[in-house]
Amino acid sequence: MSKDSQEKKLNFKKEANDLVSCFNNILENFSSKKDHELYEDLWHLRAELEILTIEIQHSLDLESSLQKWQKNFFKDLKGTSSKTKAKTKLDEFKEVLVDFSNCSSSKLDECYKFLWKLKEIIASVLSAFPAEKYKWINGEFQKEDEKVFEI
């Protein structure tokens, strides 16, 4: 294996560990954040995961079409717009990520699977954290402004 290739894999592993740490940090601060803040944090994390998984996929020369394990994962994946269920799903995957630390740069394909699954789980629960709140006001949905209050 070339030095350049090994260095690239180490960079992937470092970036992957940083993203997993970010995910854990989001879950640790979950109850102290508003829905739109959680949405932003999760959306940005999912975007970073998307970029990294594409880079790893290209590095591993994997096909761009879905593999069997991805199709099976999608079959079992159930999204939710319930904040409670979303938190549960994210916590469950956090426990799966304990095994992520065992992924070494020599097992980049395993790291890819963990990161890809995390990305898809986040995507499946984003609707539980609306970026903006809407309320039924005067017969229509209007954006709720948290700064406005009635006297």
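My aim in this report is to walk through the structure given alongside it, one point at a time. Note that this is a predicted model, so its numbers are computed, not measured.

1. Focus on the overall build of the protein chain
Now for step 1: On a plain count of helices and strands, the protein chain comes out with five helices and two strands.
Now for step 2: In the protein chain, the order of α-helices and β-strands from amino to carboxyl end is α-α-α-α-α-β-β.
Now for step 3: Residues classed as buried in the protein chain amount to 32% of the 151 residues present.
Now for step 4: Long-range pairs, those at least 24 residues apart, make up 76% of the contacts in the protein chain between residues at least 6 apart in sequence.
Now for step 5: Of the accessible surface of the protein chain, which amounts to about 9900 Å², a share of 50% is contributed by carbon and sulfur atoms.

2. Examining the environment of Ile54
Now for step 1: Mapped onto the fold, Ile54 is located in helix H2 (residues 35-59).
Now for step 2: The spatial distance from the C-alpha of Ile54 to the C-alpha of Trp116 is 9.3 Å, given a sequence separation of 62 residues.

3. A closer look at the packing of aromatic side chains
Working definition: an aromatic ring pair is given by the centre-to-centre distance plus the angle between the planes.
Now for step 1: All told, the structure shown has five aromatic pairs when counted by the stated rule.
Now for step 2: Relative to Tyr112, the ring of Trp69 lies with its centre 6.1 Å away and its plane at 90°, an arrangement referred to as edge-to-face. With Trp69 in helix H3 (residues 68-76) and Tyr112 in helix H5 (residues 108-125), this pair connects stretches of sequence that are 43 residues apart. Summarising the burial analysis for this pair, Trp69 and Tyr112 share the class buried.

4. Examining the packing of H3 against H5
Now for step 1: The contact between H3 and H5 brings their axes to 12 Å, and the two run at 30°. Considering the angle they form, H3 stands roughly parallel to H5. Crossing geometry of H3 relative to H5 is assigned as right-handed. Between H3, through Trp69, Gln70, Phe73 and Phe74, and H5, the contact on the second element is made entirely by Tyr112, Lys113, Trp116, Lys117, Glu120 and Ile121.
Now for step 2: Here the residues of the contact of H3 with H5 are counted per class, giving six nonpolar, one polar and three charged.

5. Some words on the side chain of Lys89
Now for step 1: Checked against the element boundaries, Lys89 lands in helix H4 (residues 83-96).
Now for step 2: Of the side chains with opposite charge, Glu92 lies nearest to the buried Lys89, which makes no salt bridge, at 6.1 Å.
Now for step 3: Of note is the side chain of Lys89, whose polar atom sits 2.6 Å from the backbone oxygen of Lys78.
Now for step 4: If we ignore the near neighbours within four places in the chain, the residues touching Lys89 are Leu77, Lys78, Thr80, Ser124 and Val125.

6. Re H3
Now for step 1: Of all the residues in H3, the buried ones are Trp69, Gln70 and Phe73. One side of H3 carries all its buried residues, which in axial view fall inside an arc of 100°. Exposed and facing more than 90 degrees away from the buried side of H3 are Lys68 and Lys75.
Now for step 2: Those residues of H3 that are buried lie in contact with H5.

7. Describing the pattern of salt bridges
Now for step 1: Counted under the stated rule, the structure contains seven salt bridges.
Now for step 2: Here Lys83 and Asp35 are joined by a salt bridge, their closest N and O atoms 2.9 Å apart. Of this pair, Lys83 sits in helix H4 while Asp35 sits in helix H2; the two residues are 48 residues apart in sequence, bridging distant segments of the chain.
Now for step 3: Here Lys83 falls in the partly exposed class, since its relative accessible area comes to 33%.
Now for step 4: Between Glu120 and Lys119 there is a salt bridge, and its shortest N-O distance comes to 2.5 Å.
Now for step 5: Given a relative accessible area of 14%, Glu120 falls into the buried group.
Now for step 6: Via salt bridges that share partners, Arg46, Glu50, Lys119 and Glu120 belong to a single interconnected network.

The rules behind each value
- Residues numbered from 1 in each chain as written.
- Predicted model: local features only at pLDDT ≥ 70, side-chain atom pairs only at ≥ 80, totals over all residues.
- Heavy atoms only, no water.
- Helix = DSSP H or I, 4+ residues; strand = E, 2+ residues; numbered from the N terminus.
- Buried < 20%, exposed > 50% of the residue type's maximum accessible area, 1.4 Å probe, protein only.
- Contact = heavy atoms within 4.5 Å.
- Areas by Shrake-Rupley, 256 points an atom, 1.4 Å probe, with all protein chains shown as cover.
- Phe/Tyr/Trp six-rings, centres within 6.5 Å; stacked < 30°, edge-to-face > 60°.
- Axes fitted to C-alpha atoms, helices over the stretch in contact; angles between N-to-C directions.
- Parallel < 35°, antiparallel > 145°, perpendicular 65-115°, else oblique.
- Left-handed = near helix turned anticlockwise from the far one by under 90°.
- Nonpolar A, V, L, I, M, F, W, Y, C, P; charged D, E, K, R; others polar.
- Lys, Arg positive; Asp, Glu negative; His and termini not counted.
- Salt bridge = Lys/Arg side-chain N within 4 Å of Asp/Glu carboxyl O.
- Polar contact = N/O pair within 3.5 Å; in protein donor to acceptor, adjacent residues only side chain to side chain.
- Arc of directions from axis to C-beta.

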